[in-house]
Amino acid sequence: LTRFPLIPIRGVPLMSIIANNFDSIWAFNPDPSDLLIATYPKAGTTWTQEIIDLLINNGDAEACRRAPTPVRSPFLEIHSPPPIPSGLDLLKKMDPPRIIKTHLPFQLVPQGFWENKCKAIYVARNAKDNMVSYYHFDRMNKTQPEPGPWDGYVHKFMQGQLGWGSWYDHVKGYWVEREKRNILYLFYEDMKENPARVVRTIMQYLDLSVSDEVIDRIVELTSFKNMKDNPMANYSCVPPEVFDMSISPFMRKGEVGDWKNYFTPEQLKMFDEDYEKQMKDVHIPFRSLI
Ligand code: A3P
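- Under an unreviewed UniProt entry, the protein chain has the name Sulfotransferase and belongs to Cynoglossus semilaevis.
- Under the UniProt heading Sequence similarities (unreviewed entry), the note attached to the protein chain is "Belongs to the sulfotransferase 1 family."
- Recorded in UniProt for the protein chain, the comment headed Subcellular location (unreviewed entry) runs: "Cytoplasm".

Describing the environment of Ile-215
- By secondary structure assignment, the location of Ile-215 is in helix H12 (residues 212–221).
- Here Ile-215 falls in the buried class, since its relative accessible area comes to 0%.
- When the C-alpha atoms of Ile-215 and Asn-58 are compared, they prove to be 8.8 Å apart, with 157 residues separating the residues in sequence.
- Here Ile-215 is in contact with Ala-196, Val-199, Arg-200, Met-203 and Val-210, once residues within four sequence places are set aside.

Observations regarding the state of the cysteines
- Applying the stated rule across the entire model yields zero disulfides.
- Cys-237 takes part in no disulfide bond, and the closest cysteine sulfur to it belongs to Cys-64, at a distance of 15 Å.

Looking at the site of the ligand
- The ligand sits among 18 residues. The nearest are Thr-45, Thr-46, Ser-133, Lys-253 and Gly-254.
- Contacts to the ligand include Ala-43, whose backbone N or O atom sits 3.3 Å from an oxygen atom.
- The fraction of the free accessible surface of the ligand (570 Å²) that becomes covered by protein chains is 98%.
- Going through the elements one at a time, helix H3 (45–56) and helix H13 (224–228) are the ones with two or more residues in the shell around the ligand.
- The element contributing the most residues to the shell around the ligand is H3, with three residues.
- The residue inventory of the shell around the ligand, partitioned by class, reads seven nonpolar, seven polar and four charged.

Regarding the pattern of salt bridges
- Under the definition given, this model contains 15 salt bridges.
- Between Lys-128 and Asp-272 there is a salt bridge; the shortest N-O distance is 2.9 Å. Residue Lys-128 is found in helix H7 (residues 127–140), and its partner Asp-272 is found in helix H14 (residues 265–279); the two are separated by 144 residues along the sequence.
- Its relative accessible area of 0% is what places Lys-128 among the buried residues.
- Asp-272 gets classed as partly exposed once you look at its relative accessible area, which sits at 28%.
- One salt bridge connects Glu-177 with Arg-181, and the closest N-O pair in it is separated by 3.1 Å.
- Glu-177 gets classed as buried once you look at its relative accessible area, which sits at 18%.
- For Arg-181, a relative accessible area of 23% translates into the label partly exposed.
- Taken together, the shared-partner salt bridges in this structure form one network comprising Asp-190, Glu-193, Arg-197 and Arg-287.

Digging into the packing of H3 against helix H11 (residues 195–205)
- Two numbers describe how H3 lies on H11: the axes approach to 10 Å, and their chain directions differ by 60°. As the angle between them shows, H3 and H11 are arranged oblique. Like other packed secondary-structure pairs, H3 and H11 cross with a definite hand, here right-handed. Together, Thr-48, Ile-51, Ile-52 and Leu-55 of H3 and Val-199, Ile-202 and Met-203 of H11 make up the contact between the two elements.

The rules behind the values
- Starting afresh in each chain, residues are numbered from 1 along the sequence in its written order.
- Given that this is a predicted model, residues contribute local features only at a pLDDT of at least 70 and side-chain atom pairs are listed and counted only at 80 or more, while totals for whole chains, interfaces and linings are drawn from all residues.
- Calculation of side-chain values draws on the structure's entire complement of heavy atoms; hydrogens and water are dropped beforehand.
- UniProt positions are given in the numbering used here, feature names are shortened, and annotations may be inferred rather than shown by experiment.
- Elements are defined by DSSP. Helices are runs of H or I of four residues or more, strands are runs of E of two residues or more, and each kind is numbered from the N terminus.
- To sort residues, take the accessible area from a 1.4 Å probe on protein chains only and compare it with the maximum for the residue type: under 20% means buried, over 50% means exposed, and anything in between is partly exposed.
- The contact rule is simple, with two residues in contact once any of their heavy atoms fall within 4.5 Å.
- Defined by distance alone, a disulfide is two cysteine sulfur atoms within 2.5 Å.
- One heavy atom suffices: a residue is near a molecule or strand as soon as one of its heavy atoms comes within 4 Å of it.
- Pairing of N or O atoms within 3.5 Å defines a polar contact, subject to two protein rules: one partner must be a possible hydrogen donor and the other a possible acceptor, and residues neighboring in sequence count only if both atoms are side-chain atoms.
- All accessible-area figures derive from a Shrake-Rupley calculation using a 1.4 Å probe, and residue coverage is judged against the displayed protein chains alone.
- Three classes are used: nonpolar for Ala, Val, Leu, Ile, Met, Phe, Trp, Tyr, Cys and Pro, charged for Asp, Glu, Lys and Arg, and polar for all others, with Gly counted as polar.
- For salt bridges, the criterion is a side-chain nitrogen of Lys or Arg within 4 Å of an Asp or Glu carboxyl oxygen.
- Angles shown run from 0 to 180 degrees and are taken between the N-to-C directions of axes, each axis being a line fitted to C-alpha atoms and, for helices, limited to the stretch in contact.
- In these notes the angle categories are as follows: under 35 degrees is roughly parallel, over 145 is roughly antiparallel, 65 to 115 is roughly perpendicular, and the rest is oblique.
- The hand of a helix crossing depends on one turn: near helix anticlockwise from the far one by less than a right angle means left-handed, and clockwise means right-handed.

Here it is as structure tokens:
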């Protein structure tokens with residue numbers, strides 16, 4: 001298997017398999033009923049998708065199992081070579097309303113999503129935990145560029161030299177557009193602190209209505225522990241040549257604050273100073289940074 005190199009598209013480094021297909025991604029025209037889930041990689045995409053699937057199916061896990069794809073909803077962009085099918089190919093075979101995932105930054109999302117007034121949910125995770133999670137993902141995902149040693153990875157993250165580009169630009173890009181585009185902007189840390197509240201927020205945004213009992217069931221079914229054991233959520237469908245879970249499982253730790261186990265005091269100081277600079281133009285209420 002090859003680890004795809006990064007190729008810049010309008011200044012954003014994307015894996016070559018995505019960059020080389022970018023024109024067809026950009027031309028994708030969604031249906032107004034389609035829902036977009038957008039995230040920087042490792043911010044809680046799979047968790048959010050699971051909650052939404054259960055909300056739509058009124059908490060019925062069996063109904064969710066009948067989903068047309070093993071990990072439920074396709075990504076818009078193509079992440080992996082065959083046998084993993086391309087997101088666009090899968091989408092073309094599905095009838096709307098579809099749930100479509102993407103890691104593309106706001107400016108690279110096909111305009112049709114906004115012209116057609118599609119609903120969109122963005123999930124952001126604090127930079128340090130997001131980076132730790134991405135580091136382990138880059139180790140185990142044999143199609144992503146080699147992460148190299150941790151110290152170098154911290155610099156690459158700060159410079160936006162990872163697949164899908166700069167975390168800072170990503171979280172800010174959706175944040176500044178959220179009101180105009182009616183994007184529901186969620187935080188991973190809020191989901192951890194009070195999952196039931198976030199499930200309700202998503203329910204209201206999607207104009208759904210489920211009972212309190214179903215909310216409780218969804219919270220239980222989407223706990224880290226249950227999702228880790230759920231083949232529809234834990235990516236065990238991906239062949240080991242692509243996701244080597246012996247290096248790091250997809251459902252790795254699912255915690256807030258794991259970054260404390262990685263940063264040296266020097267890295268922390270440098271990172272925090274740089275963070276101030278990169279985030280000073282847009283205030284996003286992240287927690288758990290210190
Ligand atoms: P960690 O590597 O920190 O464990 P994505 O789905 O965007 O790729 O994000 C994956 C990250 O979300 C992983 O983080 C994974 O463990 C975490 N995650 C997935 N499901 C979760 C859940 N139900 N509760 C908490 N974290 C979850």
